[in-house]
Amino acid sequence: MQEELRIAELRRILHQHNHRYYVLAAPTISDREFDALLGELTLLEASRPDLWDPNSPTQRVGGGFTEQFEKVAHSRPMLSLANSYSREDVEDWAQRIHKESAGETRFTCELKYDGVAIALQYEGHRLVRALTRGDGTVGEDITTNVRTIRSIPLSLPDSAPEKMEIRGEIILPFAAFEALNAQRREKGEKLFANPRNTAAGTLKLQDSSEVARRGLDCLLYSVLLDAPEEWGVDGHEAGVKAAAEWGFKTPLQRDRAFESADNVEGVMDFLAHWSEARRDLPFAIDGVVIKVDRYAQRRTLGSTAKAPRWALAYKFETEQGLTRLERIAYQVGRTGAITPVAHLEPVPIAGTTVSKASLHNADQIALLDIREGDMVRVEKGGEIIPKVVGVVMEERPPLSSPHVYATECPDCGATLERAEDEARHYCPNAEGCPEQIKGRIEHFASRRAMNIDGLGSEGVEQLWEAGLIRDVADLFDLTLEPLLTLDRMGEKRAGNLLEGIAAAKEVPFERLMFGLGIRHVGETVAKRLVRHFGSIEALQSADEAALLELDVVGPVIAESVVSWFKEPANGQRIHRLANAGLQFSIEEAEGQEVSQVLAGKSFVVSGVFSIPRDDLKRIVERHGGRLLGGVSGKTDYLLAGEKMGPSKREKAERLGVSVLSEEQFMAMLPA
Ligand code: IVH
């Protein structure tokens, strides 16, 4: 009993401290004290499994695993917002509101967070469900992952309504995004493109403890109460204020992030402020949202099928910056592709300092007549790499001359080549260009290929500098002693590296095939080649016609594969890797392609079948079909099992996708 009381007390105290730290940013105890209390609770909970609670503060670190996110209908539709791009649009909208309503209109203004929408449902003062937007009517239940977001209260004070829903946006602040990418760079993993996509991907991870580590945050934008008037809430502003009292993180906590306005001037003031101040925010926004405050007035205005008439998003222009182009440099990728890179005088754009930007290719540079020394316009859109989009001609220095595109590889000096129908230049010196070789080794070791831990770009550079590797095959000749002579390479790290390399020998052929880094052979093509041909010998002897039999292979890929195998160095490489024990064939059981009857057809497999769903997916692939994650215009067939959600079927029917039962599907296969 004693224990039970203490557990309840600790949970309450820790929830409060969590709120002070993550919502109010005003902690009253040290991290150490917090950890001590959390430690005490963890121990007590371990001794009382009968008192387990998914909403305990100990669950913030995650640990729960979601196999498949369940589809759940929303309490009310999650609509989108009408967009506007100019002040005139905003004025027109306000005018219309004015005409359609009696009396004065009060507006509220807030930021338009660039993240992922979330609906948080509370019952009995506890978070019971968190749903993604989905198609607006049905969302996915991601509660286990959302519980790890510290600024989302898991339990509410008694003063809050028993039942309520909060809607908001889950975002990844810039600092967390950058820290995450720094770690990935270190490990040689592919970088995330932008905070929004990263937040979206993170929320769909199966392992909630990884979600807990990523540093997501949640910003509230609607409060849904069954009887708002009972809580003295007659409009949005009152709702947001009440939610802050109940423990939610609201825009009221940031200077000028939530304002009410009695007329359009007030709204314009807000726009003017944030079109500048947005640069100083610690997270991304893509505009502001203007709403009619009073619920009663909202009800008379109503909604269209897509968006409420009482709200309007004002989108900022894509962020641009002006700066000096100091010089144009070139980078060589692992396939020999040359990328021109603009080195810029550092300029702040949309929250980060930009000093490099993409210039695409020779045609683009010529088209825009971009020259070294020019003042250039740099744009940062959704992509991670900003791009140069134009030149300020009036500011061109006198005596400047058109840029002459490189003719030689910046790394090895080989004469660059350019195929007639390609925009890119290539360095042809595949076997002698250090950057290309290092890039190939890095690609080989990367997570989606051989997944050799501890061998990211820095690791490869270090081994290269020490002269220990000149080829991917050299990795398998590495021994402990020479490794130990390297900087920061103790027994432990060296041992891990060798273990990682040894483990690569077990990696299935399809990932090895991708890891070889043949130009134009991505993961999908690698997989299909391997399934179709079964062994490296069969692939080596395939001619272009044989390759073209696969629907994912066109002339460019076929030519690339054949010429790769023709190159003697690649033959030797395969020989060495095979001798080292790597997997250059697949076993029949692993699923070699057995027919091509489904070639060119794409499938979504959903629901419960007479055999495990994964086996069914394998059958699709073994007959040349392609699997897709969700129903879209690109889907040919929806293979529908029992218990499949109704929304998938509806969507398929709407898009004209054929819906097949298991029997109908089996009938398509050769006997
Ligand atoms: S209000 C019915 N307020 O933008 C209107 N939405 O383009 C409900 N968003 O799906 C939305 N910040 O995820 C609202 N301050 C804000 C917002 C916001 C971001 C997102 C939201 C919505 C999307 C619509």
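Before reading further, recall that the structure is shown in the block above.
Quick look at the structure, then.

Thresholds applied
Residues numbered from 1 in each chain as written. Predicted model: local features only at pLDDT ≥ 70, side-chain atom pairs only at ≥ 80, totals over all residues. Heavy atoms only, no water. Near = heavy atom within 4 Å. Polar contact = N/O pair within 3.5 Å; in protein donor to acceptor, adjacent residues only side chain to side chain. Areas by Shrake-Rupley, 256 points an atom, 1.4 Å probe, with all protein chains shown as cover. Helix = DSSP H or I, 4+ residues; strand = E, 2+ residues; numbered from the N terminus. Nonpolar A, V, L, I, M, F, W, Y, C, P; charged D, E, K, R; others polar. Salt bridge = Lys/Arg side-chain N within 4 Å of Asp/Glu carboxyl O. Buried < 20%, exposed > 50% of the residue type's maximum accessible area, 1.4 Å probe, protein only. Axes fitted to C-alpha atoms, helices over the stretch in contact; angles between N-to-C directions. Left-handed = near helix turned anticlockwise from the far one by under 90°. Contact = heavy atoms within 4.5 Å. Arc of directions from axis to C-beta. Patch = residues over 30% accessible without salt bridge, like charges linked within 9 Å, V, L, I, M, F, W, Y side chains within 5 Å. Lys, Arg positive; Asp, Glu negative; His and termini not counted. Charge placed at Lys NZ, Arg CZ, Asp CG, Glu CD. Phe/Tyr/Trp six-rings, centres within 6.5 Å; stacked < 30°, edge-to-face > 60°. Lys NZ or Arg CZ within 6 Å of the ring centre and 35° of its normal. Core = buried A, V, L, I, M, F, W, Y, C linked by side-chain atoms within 4.5 Å. Parallel < 35°, antiparallel > 145°, perpendicular 65-115°, else oblique. Pairing = 2+ DSSP bridges.

**What to know about the site of the ligand**
Surrounding the ligand, one finds Ser80, Leu81, Glu110, Leu111, Lys112, Tyr113, Ala117, Glu169, Tyr221, Val289, Lys291 and Pro308. Contact between the ligand and Tyr113: a nitrogen atom at 3.0 Å from a main-chain N or O atom of the residue. Interatomic distance of 2.5 Å between a side-chain N/O atom of Glu169 and an oxygen atom of the ligand. Protein chains bury 88% of the 520 Å² of accessible surface belonging to the ligand in isolation. When residues of the shell around the ligand are traced back to their parent elements, those giving at least two are strand E3 (107–113) and strand E10 (285–292). Ranked by residues supplied to the shell around the ligand, first place goes to E3 with four residues. A breakdown of the residues in the shell around the ligand according to their chemical character gives seven nonpolar, one polar and four charged.

**Considering the pattern of salt bridges**
With the rule as written, the count across this model stands at 42 salt bridges. Measuring nitrogen to oxygen at the nearest pair gives 2.8 Å for the salt bridge that ties Glu45 to Arg11. Of this pair, Glu45 sits in helix H2 (residues 31–47) while Arg11 sits in helix H1 (residues 2–23), placing them 34 residues apart in sequence. Of the two residues, Glu45 and Arg11, neither departs from the other in class, the shared state being buried. Through salt bridges with shared partners, a single ionic network connects Arg106, Asp234, Glu237, Lys241, Asp262, Asp293 and Arg294.

**Focus: the packing of H1 against H2**
Across the interface, H1 lies against H2 with an axial gap of 10 Å and an inter-helix angle of 145°. For H1 against H2, the interelement crossing comes out left-handed. Listed contacts from H2 to Glu3, Arg6, Ile7, Leu10, Arg11, Ile13, Leu14, His17, Asn18 and Tyr21 of H1 are Asp31, Phe34, Leu37, Leu38, Glu40, Leu41, Leu44, Glu45 and Ser47. Of the residues contributing to the contact of H1 with H2, the split by class is ten nonpolar, three polar and six charged.

**Concerning helix H23 (residues 613–622)**
For H23, every residue scored as buried is listed here: Leu616, Val620 and Glu621. Seen from one end, H23 has its buried residues packed into an arc of 145°, which puts them on one side. Where the residues of H23 are buried, they touch helix H17 (523–533), strand E17 (602–606), strand E18 (626–627), strand E19 (637–640) and helix H25 (662–668). Remark: Gly624 follows H23 within two positions and exhibits a positive phi of approximately 85°.

**Re a negative patch on the surface**
Taken together, Glu88, Asp89, Glu91, Asp92 and Glu265 make up a surface patch of like negative charges. Ranked by residue count, the leading element in the negative patch is helix H3 (residues 87–100), at four residues. Its place among the elements puts Glu265 in helix H9 (residues 264–277).

**Points about the packing of aromatic side chains**
A full pass over the atoms with the stated rule returns 13 aromatic pairs. Look at Phe444 and Phe476: their rings are 6.2 Å apart centre to centre, the planes differ by 90°, and that puts the pair in the edge-to-face class. With Phe444 in helix H12 (residues 434–445) and Phe476 in the loop between helix H13 (457–465) and helix H14 (480–484), the pair connects residues that are 32 residues apart, well separated along the chain. Each member of the pair, Phe444 as well as Phe476, carries the same accessibility label: buried. With centroids separated by 5.2 Å and ring planes inclined at 90°, the aromatic side chains of Trp564 and Phe565 adopt a geometry described as edge-to-face. Comparing Trp564 with Phe565 shows no difference in burial state: the two are buried. Each residue in the set Phe603, Tyr637 and Phe665 is aromatic and connected to the rest through ring pairs, giving one cluster. Over the ring of Phe192 we find Arg184; its NZ or CZ atom is 4.0 Å from the centre of that ring.

**A short note on the nonpolar core**
With 55 residues, the main nonpolar core has Phe444, Ile452, Leu475, Leu529 and Leu547 as its most contacted residues. For this core, the secondary-structure elements that each account for two or more residues are H12, H13, helix H15 (491–503), helix H16 (509–515), H17, helix H18 (536–540), helix H20 (555–566) and helix H21 (568–579). Of the residues forming this core, the biggest block, six residues, is contributed by H20. Beyond its immediate sequence surroundings of up to four residues, Phe444 is in contact with Ala449, Met450, Asn451, Ile452, Val472, Leu475, Phe476, Leu512, Gly515, Leu577 and Leu582. Membership of the second largest hydrophobic core comes to 38 residues, among which are Ile149, Phe192, Ala199 and Leu203.

**What to know about the packing of H3 against H9**
Two elements in contact, H3 and H9, have axes separated by 11 Å at closest approach and are oriented at 150°. Considering the angle they form, H3 stands roughly antiparallel to H9. The two elements H3 and H9 meet at a crossing, and its hand is right-handed. In this structure, H3 uses Arg87, Val90, Glu91 and Ala94 to contact H9, whose residues at the interface are Val264, Val267, Met268, Leu271 and Ala272. Residues belonging to the contact of H3 with H9 are distributed by class as follows: seven nonpolar, no polar and two charged.

**Observations regarding the sheet that holds strand E2 (residues 82–84)**
If you walk across this open sheet you meet the five strands as E2-E11-E10-E3-E9, and the pairing is mixed. Every other strand in the sheet has two partners, leaving E2 and strand E9 (258–261) as the edge strands with one partner each. Ignoring which end each strand starts from, the neighbouring axes of this sheet average 30° apart. The pairing of E3 with E10 spans seven bridges and is antiparallel. By the bridge assignment for E10, Cys109 is matched with Ile290. Of the strands in this sheet, E3, E9 and E10 touch helix H8 (residues 236–245), which is tilted by about 155° from E9. Sheet strands in contact with H9 are E3, E9, E10 and strand E11 (311–315), and its direction is about 25° off that of E3.

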